[in-house]
Amino acid sequence: MVKKAVLPVAGFGSRMLPASKSIPKEMMPIVDRPVIEYVVKEAVRAGIKDIILVSHSAKTAIEDYFDAQFELEHQLEAKGKHALLDEVRDILPDDVNVISVRQHQALGLGHAVACAAPIVGDEPFAVLLPDVLVDCDGEQEDLGVMVEKYLVSGTAQVMVEKVLAERVDQYGIVAFKGEAPAPGGSAPMTAIVEKPAVEDAPSCLSVVGRYVLPAEIMGILAETPPGAGNEIQLTDAIATLMERVSVEAYAMRGRTFDCGNKAGYLQAILHYASRHAELGAQARDMMAAELCEAGPSSKLKERSKAAE
Ligand code: G1P
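The structure contained in this document is the topic of the report that follows. (Residues numbered from 1 in each chain as written. Predicted model: local features only at pLDDT ≥ 70, side-chain atom pairs only at ≥ 80, totals over all residues. Heavy atoms only, no water.)

## Observations regarding the overall build of the chain
On a plain count of helices and strands, the chain comes out with 12 helices and 13 strands. In summary, the chain has a C-alpha radius of gyration of 20 Å against a globular reference of 19 Å for 308 residues, a match within 12%. Considering only C-alpha atoms, the chain reaches an extent of 60 × 60 × 35 Å along its principal axes. Sequence-distant contacts in the chain: of pairs separated by 6 or more residues, those separated by 24 or more amount to 77%. (Helix = DSSP H or I, 4+ residues; strand = E, 2+ residues; numbered from the N terminus. Rg over C-alpha atoms; globule rule 2.2 N^0.38 Å. Contact = heavy atoms within 4.5 Å.)

Laid out in structure tokens, this is it:
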């Protein structure tokens, strides 16, 4: 069973400054819920029961969000605001635990994951990078499929998607012997490398921020030296794991939003707002009205010209 998930949330979020100066970037709202809630709920829907936050002293707002807020709840109750009270109380099911450990030094993603080793113990676990939102539009979710594949084959799963060739130096990049797997499928990788130079990249398939890994990776991480950016890289530990056992890349079906940068965050807001149960119709009207008023961007104009 894969019951534990590690979410590294200690990073400062410099790409989201100035907003992230005093609010953890994971607490920034997508409509009415913080980014982190979308990620934690994705894990819960995949069967995860223990959410392990690898955090920092400046980011206690994340733990507080998943804790009870007695004073607020008392006030809502006294004012008879029961629907709101239920919403505040029922963020996660009762059988889900949110556990927090600290990353005392910013030594990289691999180091952050290794900080969770005492809680992960000897069980397989998922890793979800909290900047990345994945929307599968009502279809079976990618993380759930990865967990199922792990349970059937016992083979580690690393989620990948295509990126533009000029952006490969911003991601972990993977390679295969033959064809890359079709969306929803997995195939054994032959290589994985962190942020390669554009001319050295083995493919354009990037690691997206969802992993299902065996506990063995923790021992490997403890011995992994700093790599790209002088940080201990999860990618390098996976490359070592691949020398011992098969590791598969899972080609995602859904769509990703990188909320760790301003443009990706904005896109996520538009996407989730337009699909929001209560506000979706209103949001779509507002977007259309704004577009009419501001006029299409030069890119949109070019596209409609080309279509004529
Ligand atoms: C991390 C991983 C990288 C992955 C990326 C996905 O990089 O190290 O392999 O492709 O997340 O978002 P970061 O964005 O933290 O530099």
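## A short note on helix α7 (residues 142-153)
With 12 residues, α7 extends 16 Å from end C-alpha to end C-alpha; this agrees with the ideal 16 Å at 1.5 Å per step. Residues D142, L143, G144, V145, M146, V147 and Y150 constitute the buried set of α7. Buried residues along α7 sit against α1 (35-45), β6 (125-128), β7 (132-135), β8 (156-162), β11 (205-213) and β12 (247-251). Following α7 by one or two positions, G154 has its phi on the positive side, about 70°. (Expected span 1.5 Å × (residues − 1). Buried < 20%, exposed > 50% of the residue type's maximum accessible area, 1.4 Å probe, protein only.)

## A few points about the layout of surface pockets
The space that makes up the largest pocket amounts to roughly 1,500 Å³. As for the largest pocket, its lining consists of 49 residues, and the residues nearest its centre are R15, L129, D131, K195 and D258. Contributions of two or more residues to the lining of the largest pocket are made by α5 (109-114), β8, β11, β13 (255-258) and α10 (262-274). A per-class count over the lining of the largest pocket returns 18 nonpolar, 19 polar and 12 charged. For the second largest pocket, the lining is made up of 19 residues, of which R33, Y38, R45, D135 and Y272 are closest to its centre. Of all the elements in the fold, those that place two or more residues in the lining of the second largest pocket are α1 and β7. (1 Å grid on protein atoms, 1.4 Å probe; cavity = no way out; pocket = protein on both sides within 12 Å on 5 of 7 lines; lining within 4 Å. Points joined across faces, edges and corners; volume = space filled by probe spheres on them. Nonpolar A, V, L, I, M, F, W, Y, C, P; charged D, E, K, R; others polar.)

## What to know about the packing of helix α3 (residues 70-78) against helix α4 (residues 82-89)
Where α3 contacts α4, the axes come no closer than 8 Å and their chain directions differ by 160°. With respect to α4, the axis of α3 lies roughly antiparallel. As α3 runs across α4, the sense of the crossing is left-handed. Residues L72, E73, L76 and E77 of α3 form the contact with α4, whose own contacting residues are H82, L84, L85, V88 and R89. (Axes fitted to C-alpha atoms, helices over the stretch in contact; angles between N-to-C directions. Parallel < 35°, antiparallel > 145°, perpendicular 65-115°, else oblique. Left-handed = near helix turned anticlockwise from the far one by under 90°.)

## A closer look at the site of the ligand
Around the ligand, the neighbouring residues are L109, L129, Y171, G172, E194, K195, V207, V208, Q233 and T235. Between G172 and the ligand, the recorded distance is 2.9 Å, taken from a backbone N or O atom to an oxygen atom. Judged by the proximity of its atoms to the pocket grid, the ligand belongs to the largest pocket. (Near = heavy atom within 4 Å. Polar contact = N/O pair within 3.5 Å; in protein donor to acceptor, adjacent residues only side chain to side chain. Sits in = over half its atoms within 2 Å of the grid points.)

## Here we look at the packing of aromatic side chains
Evaluated as defined, the whole model comprises 3 aromatic pairs. Ring centres of Y38 and Y272 lie 4.9 Å apart, and the angle between their planes is 65°; this geometry places the pair in the edge-to-face category. In this pair, Y38 sits in helix α1 while Y272 sits in helix α10, placing the two residues 234 residues apart along the sequence. Residues Y65 and F66 carry aromatic rings whose centres are separated by 5.3 Å and whose planes lie at 85° to one another, so their mutual orientation is edge-to-face. A relative accessible area of 22% means that Y65 is categorised as partly exposed. Clustering of aromatic rings is evident, with ring pairs tying together Y38, F257 and Y272. (Phe/Tyr/Trp six-rings, centres within 6.5 Å; stacked < 30°, edge-to-face > 60°.)

## Examining the side chain of E141
Note on placement: E141 falls in the loop between β7 and α7. Side chain to side chain, E141 and R45 meet in a polar contact 2.5 Å long. Contacts of E141, omitting those with residues within four sequence positions, involve E42, R45 and C136.

Shape is all these values report; function is a separate question.
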